[in-house]
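Examination of the molecular architecture
As a plain string of letters, each chain reads:
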Amino acid sequence: MTELERIRHSAAHVLATAILKIWPDAQFAAGPPVENGFYYDVELGHRISPEDFPRIEEEMKREVKANHVFERVEISRPDALAMAERGELAALSARGVASKFKLDILQNIPEGEAITLFRNGEFTDLCAGPHVMRTGNIGAFKLTHVASAYYKGDERNPQLQRIYGTAFKNKTAMDEYFAMLEEAKKRDHRKIGAEMGLYAIDSEFVGPGMPLWLPKGAVLVEELERLAKETEFAAGYVRVRTPHLAKEKMYKTSGHLPYYAESMFPPMELKEHGEGEGTERYYLKAMNCPHHHRIFAAEPKSYRDLPLRLAEYGCCYRYEQSGELFGLMRVRSLNMNDAHIYCTEAQFAEEFRAVNEMYLRYFGIFGLEKYQMRFSTHDPAKLGQKFVDEPELWRKTEDMVRQVLVGSGINFVEVPNEAAFYGPKIDVQVWSAIGREFTIATNQVDFAVPAKFGLRYRDRDNSEKVPLCIHRAPLGTHERFIGFLIEHYAGNFPLWLAPEQVRIVTLNDDPALVEYATGILKKLRGEMVRAEADFGTDPVKAKIAEAEKARVHTMLVVGPRDMEAGNVSVRLHGKGNLGAKPKDEVVAGILESIRERKG
């Protein structure tokens, strides 16, 4: 547990202490730290609302100011059960009413496992810890909201009140966090996406979670595809295309069925005619890898054909629960920057290293300075259940990945028990311009599924061997990555990516001025620059304001003096007027910036 998680876990105990001092009959269940804060579940006759927060926070401040020690006490099971029966757990003192949720938790702790309590001042709780040394180490805290939650997440159990809050080492860190949240609201990709006309969700006719890319949003899609295709071509990838659905046999062979069935759309039953008549079940494609395996199998392979890097921006469909759908971040139709690299064991390290270097190249293009790769490994106790039962291959491939990460100087953390079922994986975490964390991509090793599909290559000694497969998607999906970029840039995309790159604005509609500006427009559009024109009679200030509102990257303002001198006056969105410059120089600069994908 990190220092910040210990602070937040300790703050949950302080919250419970404060609630008990106000409402002594409160019964507490769980109070863990969570991402960005903490919560505590409580059963209480009084319905807590945000109006109660100031009163609760005042009590919490008294507990923090008292600077009580968090005292750890190891206790026997009988003594702990006796305390729970007397109502002394998650309580300030014995109250004659059993601590029912703590009693249930105690009864589910395995025999032989140590049982510990933590005390801070008058409050005693059943808890494994850890905590900070004293309550005074909780430098700053704030309650944020309240929700309902069933005990243990089971609707057959009592419904509790879940009180959320957050805590930090000091007030400065907390203020920065809430400032980031306010900025994040302004950058919400759903809000900016609607303002800019990037995409639409038509739940009535198309379906929830299936974005329609509007013309300006389609620009972002195409630019990202162009970037990926150029990068992958230079790295020796070949492009393939696969259908949007496949027979049930495909996903049973890969192992996705039945284990992944809940995340797949229901099957379609089709009657086949001709030879082998009968009913076949087809599924919408939830992942590209099985199709790519069949492409590998379509023609005989030798060691000379490896590594084989098959790339596709494949469209997949996943039946996410309706309550989990969220703008572009969680969708049901997704276009994935997918590729599968088939290689020998000797080639693995170099291929895996090259994939990681591709990530770093992309980070540079998008100005992502903070990143972390989460290296997910298996749990030996769950072989044959959650993970393919190949202990030696797990050990070998995890060691191979670890060596590449260490040797490359990659910033990574190792996370047990989160690997894919067929091999270790890396989840790529990045932080946006305002410090929000996102998972944008994954990089996985597959030592199991190629064998299931009978994939083989003939080696130098004429023996048949199974290739290793690396699954990688550095740009993730269009949907999620564009959602991230909208928030990262606040819709103010760099020139190469901006839906409208240039708008030429004339001071008036004088024919000579319009002709001069039209010549610049034709030059830019002839070079495939997304340039538009505003030659109308509105005041130039209104034209500029409209272009700013539309987040046009570059405005070229043309007046009589500019025309006489062969110039244009350059304005950049959000940065203002850069002054008059020769038109040919400006056009050349625009083309260079787009070509080099400058930030």
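Coordinates for the structure precede this section.
A brief look at the structure comes next. Each residue is numbered by its place in its chain's sequence as written, counting from 1. Restriction of local features to residues with pLDDT of at least 70 applies here, the model being predicted, together with a cutoff of 80 or more for giving and counting side-chain atom pairs; totals for whole chains, interfaces and linings are based on all residues. For side-chain calculations, the full set of non-hydrogen atoms in the structure is used, while hydrogens and water are omitted.

Turning to the sheet that holds strand S26 (residues 554-558), a few remarks are in order. By this definition, two strands are paired if DSSP reports at least two bridges between them. By definition, any uninterrupted DSSP run of H or I lasting at least four residues is a helix, any uninterrupted run of E lasting at least two residues is a strand, and each is numbered from the N terminus. Taken together, the five strands give an open sheet; going across it, the order is S25-S24-S26-S27-S28, and neighbouring strands pair in mixed fashion. Each edge of the sheet is formed by a strand with only one pairing partner; in this case those strands are strand S25 (531-534) and strand S28 (576-582). Recorded for the sheet is a direction-independent mean angle of 25 degrees between the axes of neighbouring strands. Pairing geometry for S26 and strand S27 (residues 567-572), over four bridges, is antiparallel. Within S27, the residue paired with Met 555 across the bridge is Arg 571. Whether two residues are in contact is decided by their heavy atoms: any pair within 4.5 Å suffices. To define axes, lines are fitted to C-alpha atoms, for helices over the stretch in contact only, and angles between the resulting N-to-C directions are given on a 0 to 180 degree scale. In the packing of helix H17 (residues 583-595) onto the sheet, contacts are made with strand S24 (502-506), S26, S27 and S28, and the angle to S28 comes to roughly 115 degrees.

Before going further, it helps to spend a moment on the sheet that holds strand S4 (residues 71-75). On the basis of which strands lie adjacent, the open sheet formed by three strands has the order S4-S5-S6 and antiparallel pairing. Each having just a single partner strand, S4 and strand S6 (123-126) make up the two edges of the open sheet. Geometrically, the sheet is characterised by an average inter-axis angle of 25 degrees between neighbouring strands, direction not taken into account. Relative to strand S5 (residues 115-120), S4 is paired through five bridges, and the arrangement is antiparallel. Residue Val 73 lies in a different strand from S5, and its bridge partner there is Leu 117. The sheet contacts of helix H3 (residues 77-85) involve S4, S5 and S6, and relative to S4 the element is tilted by about 115 degrees.

In this analysis, rings of Phe, Tyr and Trp, with Trp reduced to its six-membered ring, are considered paired at centre separations within 6.5 Å, and the interplanar angle assigns stacked below 30 degrees, edge-to-face beyond 60, and tilted for intermediate values. Scanning the model with the defined rule gives 20 aromatic pairs in all. When the ring of Phe 366 is compared with that of Phe 481, the centres are 5.1 Å apart and the planes differ by 80 degrees; the resulting orientation is edge-to-face. With Phe 366 in the loop between helix H10 (345-365) and strand S17 (371-376) and Phe 481 in helix H13 (residues 478-489), the pair connects residues that are 115 residues apart, well separated along the chain. For the ring pair Phe 375 and Phe 412, a centre distance of 6.4 Å and an interplane angle of 65 degrees mean the geometry is edge-to-face.

Moving on to unusual backbone geometry. Following Leu 257, the chain continues to Pro 258 via a peptide bond in cis, the omega torsion being 5 degrees. Inspection of the secondary structure puts Pro 258 in the loop between helix H8 (248-254) and strand S13 (268-272). Of note, the amide linkage connecting Leu 306 to Pro 307 takes the cis form, showing an omega dihedral of 0 degrees. Positive phi, close to 55 degrees, is recorded for Ala 90, a residue that is not glycine. Here Ala 90 lies in the loop between H3 and helix H4 (100-107). Relative accessibility decides the category of a residue: with a 1.4 Å probe and only protein chains considered, values under 20% of the type maximum give buried, values over 50% give exposed, and everything between is partly exposed. Residue class for Ala 90 comes out buried when judged on its relative accessible area of 1%. Located in the positive-phi region is Met 528, a residue other than glycine, with phi close to 65 degrees. Tracing the chain through its elements places Met 528 in the loop between helix H14 (511-526) and S25. For Met 528, a relative accessible area of 71% gives the class exposed.

It is worth spelling out the pairing of S26 at this point. On a regular strand, each side chain points to the face opposite its neighbour's, so the side chains alternate between the two faces of the sheet. By the criterion of burial, S26 is predominantly enclosed, with five of the five residues buried. Relative to S26, S24 runs parallel, the two being bridged by five bridges. By the bridge assignment, Thr 506 is partnered in S26 with Val 558.

Moving on: empty space enclosed by the protein. Here a cavity is any set of points on a 1 Å grid over the protein atoms alone where a 1.4 Å probe fits but cannot get out, and a pocket is any open set with protein on both sides within 12 Å along at least 5 of 7 lines; a residue lines the site when it has an atom within 4 Å of a point. Grid points are joined across faces, edges and corners, and a volume is the space filled by probe spheres set on the points. Under the counting rule described, the total for this entry stands at two cavities of 30 Å³ or more. Space inside the largest cavity adds up to approximately 40 Å³. Along the walls of the largest cavity sit Met 196, Lys 216, Pro 499, Glu 500, Ala 550, Arg 551 and Val 552, which together make up its complete lining. Residue composition of the lining of the largest cavity, grouped by class: four nonpolar, no polar and three charged. Charged means Asp, Glu, Lys or Arg here, nonpolar means Ala, Val, Leu, Ile, Met, Phe, Trp, Tyr, Cys or Pro, and polar covers whatever is left, Gly included.

With that settled, consider the pattern of salt bridges. Salt bridges, as used here, are contacts in which a Lys or Arg side-chain nitrogen is within 4 Å of a carboxyl oxygen on Asp or Glu. For the structure on display, the rule yields 49 salt bridges. The salt bridge involving Glu 59 is made with Arg 62; its shortest N-O contact spans 3.1 Å. One end of the pair is Glu 59 and the other is Arg 62, both in helix H2 (residues 53-66) and three residues apart, which spans about a single turn. Two residues, Glu 223 and Arg 226, come together in a salt bridge whose shortest N-O distance is 2.9 Å. In this pair, Glu 223 and Arg 226 both sit in helix H7 (residues 215-234), three residues apart, roughly one turn of the helix.

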